[in-house]
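An overview of the molecular structure
The chain contents come next:
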Amino acid sequence: MLHVSGLSKRFGENLLFEKAHFVINAGERVGLIGPNGCGKTTLLRILMGEEKPDAGAVRWAIPHERVGYLPQALQWAPGARVRDVLSGSTHLDEAHWAREVERLALEMAKAPASARQALEEAYAMALDRLGFAATFASEHLLERVLAGLGLADVAPETPVAILSGGQKTRLSLAKLLLSEPAFLILDEPTNHLDIGALEWLEGYLASYDGGMLLVSHDRAFLDYVVMRILEMDPQTHAVREYAGNYSAYAQAREREREKAWEAYQDQQERLARLEEAARRLKAQASGIEQETIHYHYRKVAKKLARKAVVQQKRLQRLIESEEHLEKPVQGWHLAIAFDQVPPSGQDVLIVEGLAKRFGERTLFEGVHLTLRQGERIVLIGPNGCGKTTLLRILMGLEPPSEGLVRWGANARVGYLAQDQASLVQGDTPLEVVRQVAAMTETEARTFLHRLLFSGDEVFTPIARLSFGERARLNVGLLMLRGCNVLLLDEPINYLDIPSRERFECALASFEGTVLAVVHDRYFIQRFGCAVWAFAHGTVRRFADLADARRGGAMVGTDEG
């Protein structure tokens, strides 16, 4: 369905990828991964014809109209309503396809034999689209998709502009899936989806029989959906292929890294032996020459010196040969670590009878929970259920409708908000860091380098930073503040997979207490010692995600 050959792209001096080759056939679901900035979105835009490559070719075996594309940056017509988005697609326009069928039929009647095959294929596709649009009125697929994505209760007349970020993402997905494309290209489809919507989408895509290429940082999602991984490597600028899902890829990459280091270390030992042998021969020859003027012994010394030169040349040839291995590149990754923190009391947080209402709507009530020292708790629930509101109440940023929040002795709380509103838009990363910690400019720049800010990027105003850059900066500020309790609202939402893994490692070494809102199930399984979940109008404690399901917790969108 999709053939990519020799694709290359650079922006100025920045080479993103070169000589990329891959093929995706019908029924193949492929994940495209790589760190932020390596060119994943650019590659997708080239595949869609929205951007031109510097070299190479993209060939589709299906009409371009059969390719469904979900971009990362969603755009809507001013004043658009939910109904307009779902019904405005030509994929669902019966009159459009009726006209297309009629047009193609007339063209086939006049076309020469050489052009008939392409017209017949287009005609068959138009008939298929017409049939789908004609039966769309039954709304069976519409109801299934909207319910699965948690949009069943959104009124058709609702303006798109007032929808949340998650609802807009789900609306775009609904429009795309309803068009039933033959090939899907999805750029971060899991952004803003709660666990229920994620799992519904996984099931839908796993049964999809077309071709698929998707970009995602959700490792559990990749594990469930894809059967092959394409990795974009910013060091080699290559696109490499791995069989299996994300876990299989991670294991294969780890084996590659181990083999590369073993081969490099073996080579270094061999070079060291050659260098030591040459050094010994040279030293031995020099010693003989200095100790005697006897012709025989000086002749022996010359032979040893020649052997030393031969060894040295052999060493140099090996270094310059194609067989010489460079030291494996570690890459530049997020480097975060929390310093030792002061201890808090055993009961870090006690919540008694907490409730929150907005008018006649009750988000939660009767919440009784205790957070103890050293615990790692994950707070889960569907989008809009009140997770962020609960964190804001715990931080004293919003009043509860009733109940009490009591922080324990010596609790030094750090809060990472989902909207990242704590950052002053006109400040720069360098200024923010020096406001929080007593550092020289050199020390602050070194610290920011660990957060992947290089060169003049430290002078970029916050307003011009990406969401991922702001997330990294906020994590760094938490490190500097010496907090022993962390309240984190979607801390890894905008982090790529390498950064997520390093953030997880940093939290694992953090000696304090953590309460985090997260939808990443990989993170939940490896990080959480317990779950607080929205269930039956309140928030209850469960052992894990499976226990929360058994207890009737609202882990996500109802499937309907």
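Scroll up to find the structure this text is about.
Below: a short report on this structure. What you see is a predicted model; the values in this text were computed from it and never measured.

What counts, and where the lines are drawn
- Residue positions are counted from 1 within each chain, in the order its sequence is given.
- Only residues with pLDDT of 70 or above have their local features reported here, since the model is predicted, and side-chain atom pairs are shown and tallied only from 80 upward, although totals for entire chains, interfaces and linings are computed over all residues.
- As a rule here, side-chain values cover all heavy atoms of the structure and leave hydrogens and water aside.
- Strands are runs of DSSP state E lasting at least two residues, helices are runs of H or I lasting at least four, and both sets are numbered from the N terminus onward.
- Accessibility here uses a 1.4 Å probe with only protein chains present; expressed as a share of the type maximum, an area under 20% marks a residue as buried, one over 50% as exposed, and anything in between as partly exposed.
- Here the Shrake-Rupley method, with its probe set to 1.4 Å, supplies the accessible areas, and only the displayed protein chains count as covering residues.
- Think of a nonpolar core as a cluster: buried Ala, Val, Leu, Ile, Met, Phe, Trp, Tyr and Cys residues, connected wherever their side-chain atoms sit within 4.5 Å.
- Should any heavy atoms of two residues lie within 4.5 Å, those residues are considered in contact.
- Here, any two strands with at least 2 DSSP bridges between them count as paired.
- Throughout, an axis means a line fitted to C-alpha atoms (over the contacting stretch in the case of helices), and angles, computed between N-to-C directions, take values from 0 to 180 degrees.
- Only residues whose relative accessible area exceeds 30% and that form no salt bridge are eligible for patches; like-charged ones are grouped when within 9 Å, while nonpolar side chains (Val, Leu, Ile, Met, Phe, Trp, Tyr) are grouped when within 5 Å.
- Salt bridges are identified by distance alone: a Lys or Arg side-chain nitrogen within 4 Å of an Asp or Glu carboxyl oxygen.
- The convention is simple: Lys and Arg are positive, Asp and Glu are negative, and His and the chain ends are not counted.
- Throughout, a charge is located at the NZ atom of Lys, the CZ atom of Arg, the CG atom of Asp or the CD atom of Glu.
- Orientation labels follow simple angle bins: below 35 degrees gives roughly parallel, above 145 gives roughly antiparallel, 65 to 115 gives roughly perpendicular, and whatever is left gives oblique.
- The hand of a helix crossing depends on one turn: near helix anticlockwise from the far one by less than a right angle means left-handed, and clockwise means right-handed.
- For this classification, the nonpolar set comprises Ala, Val, Leu, Ile, Met, Phe, Trp, Tyr, Cys and Pro, the charged set comprises Asp, Glu, Lys and Arg, and every other residue, Gly included, is treated as polar.
- A 1.4 Å probe that fits into a set of points on a 1 Å grid over the protein atoms alone but cannot get out defines a cavity; an open set with protein on both sides within 12 Å along at least five of seven lines defines a pocket, and lining residues are those with an atom within 4 Å of a point.
- Grid points are joined across faces, edges and corners, and a volume is the space filled by probe spheres set on the points.
- One less than the number of residues in a helix, times 1.5 Å, gives the span that helix is expected to have.
- Classification of ring pairs uses Phe, Tyr and Trp, with its six-membered ring standing for Trp, and accepts pairs whose centres are within 6.5 Å; under 30 degrees between planes counts as stacked, over 60 as edge-to-face, and the remaining range as tilted.
- Counted as a polar contact is a pair of N or O atoms within 3.5 Å, where, for protein atoms, one must be capable of donating a hydrogen and the other of accepting one, and residues adjacent in sequence contribute only when both atoms are in side chains.

Quick look at the overall build of the chain
In terms of regular secondary structure, the chain is built from 17 helices and 18 strands. The 560 residues of the chain split such that 48% are buried. Summed over its atoms, the accessible surface of the chain is roughly 27,500 Å², and 50% of this surface lies on carbon and sulfur atoms.

Details of the nonpolar core
Counting residues in each nonpolar core, the largest one holds 43 residues, and the members touching the most others are L171, L184, L201, L205 and L214. Of all the secondary-structure elements, those providing two or more residues to this core are α2 (82-87), α5 (140-148), α6 (165-178), β6 (183-187), α7 (195-206), β7 (211-215), α8 (219-225) and α9 (246-291). Setting aside its immediate chain neighbours within four residues, L214 contacts V30, G31, L32, L186, F221, L222, V225 and V226. Counting residues in hydrophobic clusters, the runner-up holds 29 residues, among them L16, L43, I46 and L47.

Section: the sheet that holds strand β12 (residues 376-380)
Across the sheet, which stays open at both edges, the 6 strands sit in the order β14-β15-β16-β12-β17-β18 with mixed pairing between neighbours. Because the sheet does not close on itself, it has two edges, and the strands there are β14 (413-416) and β18 (538-542). Each adjacent strand pair in this sheet contributes to an overall mean axis angle of 15 degrees, direction not counted. In this sheet, β18 lies alongside strand β17 (residues 530-535) in antiparallel orientation, the contact comprising 5 bridges. Each residue of the ladder has a partner; that of V531, found in β18, is F542. In the packing of helix α11 (residues 387-394) onto the sheet, the strands contacted are β12, β14, β15 (485-489), β16 (513-517), β17 and β18, and the crossing angle to β15 comes to about 150 degrees.

Focus: a negative patch on the surface
A cluster of acidic side chains, namely E258, E262, D266 and E269, defines a negative patch on the protein surface. Following the sequence through the fold, E262 ends up in helix α9. Given a relative accessible area of 49%, E262 falls into the partly exposed group.

Quick notes on the sheet that holds strand β13 (residues 402-407)
Read across the open sheet, the 3 strands follow the order β11-β10-β13; overall the sheet is antiparallel. The two strands at the open ends of the sheet, each matched to only one other strand, are β11 (361-372) and β13. Each strand axis lies, on average, 15 degrees off the axis of its neighbour in the sheet, ignoring direction. Bridging between strand β10 (residues 347-358) and β13 involves 5 bridges; their strand directions are antiparallel. The partner of E352 across the bridge, within β13, is L404. Strand contacts of α11: β10, β11 and β13, with the helix running at about 125 degrees to β10, the strand carrying the most contacts.

Brief notes about the pairing of strand β1 (residues 2-11)
As paired elements, β1 and strand β4 (residues 55-60) share 5 bridges and run antiparallel to each other. Considered in β4, the bridge of V4 is made with V58. Here β1 runs beside strand β2 (residues 14-24); their pairing, made up of 7 bridges, is antiparallel. Looking at β2, one finds that H3 is bridged to V23. Linking β1 to β2, which pair antiparallel, is a turn of 2 residues; within it G12 sits at a positive phi near 65 degrees.

Considerations on the pattern of salt bridges
Proximity of charged atoms lets side chains of opposite charge pair with each other. Inspection of the entire model under this criterion finds 25 salt bridges. The partner of E441 in a salt bridge is R445, with the nearest N and O atoms 3.7 Å apart. With E441 and R445 both in helix α13 (residues 441-450), this residue pair falls 4 residues apart, about one helical turn. By sharing partners, the salt bridges in this structure join E199, E202, D218, R521 and R549 into a single network.

Description of the packing of helix α12 (residues 429-436) against α13
Axis separation between α12 and α13 bottoms out at 10 Å; the angle between their running directions is 110 degrees. Put simply, α12 runs roughly perpendicular to α13. Both α12 and α13 take part in a crossing whose hand is right-handed. Residues P429, L430, V433 and R434 of α12 lie in contact with α13, whose contacting residues are E441, A444, R445, F447 and L448. Residues belonging to the contact of α12 with α13 are distributed by class as follows: 6 nonpolar, no polar and 3 charged.

As for empty space enclosed by the protein
For the structure shown, the criterion picks out 2 cavities of 30 Å³ or more. In this structure, the second largest cavity occupies an estimated 30 Å³ of space. V82, L86, L146, L151, V154, L163 and L171 are the residues that line the second largest cavity. In terms of residue class, the lining of the second largest cavity is built from 7 nonpolar, no polar and no charged.

Structural notes on helix α15 (residues 497-509)
Taking 1.5 Å of rise per residue, 13 residues should cover 18 Å, and α15 covers 19 Å from first to last C-alpha, within 8% of that figure. All of the buried residues along α15 are I497, P498, S499, R500, F503, E504, A506 and L507.

A word on the packing of aromatic side chains
A full pass over the atoms with the stated rule returns 7 aromatic pairs. Their ring planes at 85 degrees and their centres at 4.9 Å tell us that W60 and F183 sit as a pair that is edge-to-face. On the criterion of sequence distance, the pair formed by W60 in strand β4 and F183 in strand β6 is long-range, its members being 123 residues apart. Here Y242 and Y249 contribute two aromatic rings whose centre-to-centre distance is 5.1 Å and whose plane-to-plane angle is 80 degrees, an arrangement assigned as edge-to-face. Of the residues examined, Y249 reaches a relative accessible area of 10% and is grouped as buried. Joined through ring pairs, the aromatic side chains of Y242, Y246, Y249 and Y522 make up one cluster.

Quick word on the environment of T513
Along the chain, the position of T513 falls in strand β16. Given the relative accessible area of 0%, T513 is considered buried. Distance in space between the C-alpha atoms of T513 and R372 is 7.4 Å, their sequence separation being 141 residues. Leaving out residues up to four positions away in the same chain, T513 has contacts with V348, L371, R372, Q373, G374, E375, N484, V485 and L486.

Notes on the side chain of T389
Tracing the sequence through the fold places T389 in helix α11. Those residues in contact with T389 that lie beyond four places of it in its chain are K356, F358, L363 and E398.

Here we look at the side chain of R521
Checked against the element boundaries, R521 lands in helix α16 (residues 521-527). The exposure class of R521 is buried, given its relative accessible area of 6%. Here the side chain of R521 touches E202 through a polar contact of 2.5 Å, side chain to side chain. Among residues more than four places away in sequence, those in contact with R521 are I195, L198, E199, E202, D218, A220, F221 and L545.

Just geometry here; none of it tells us what the structure is for.
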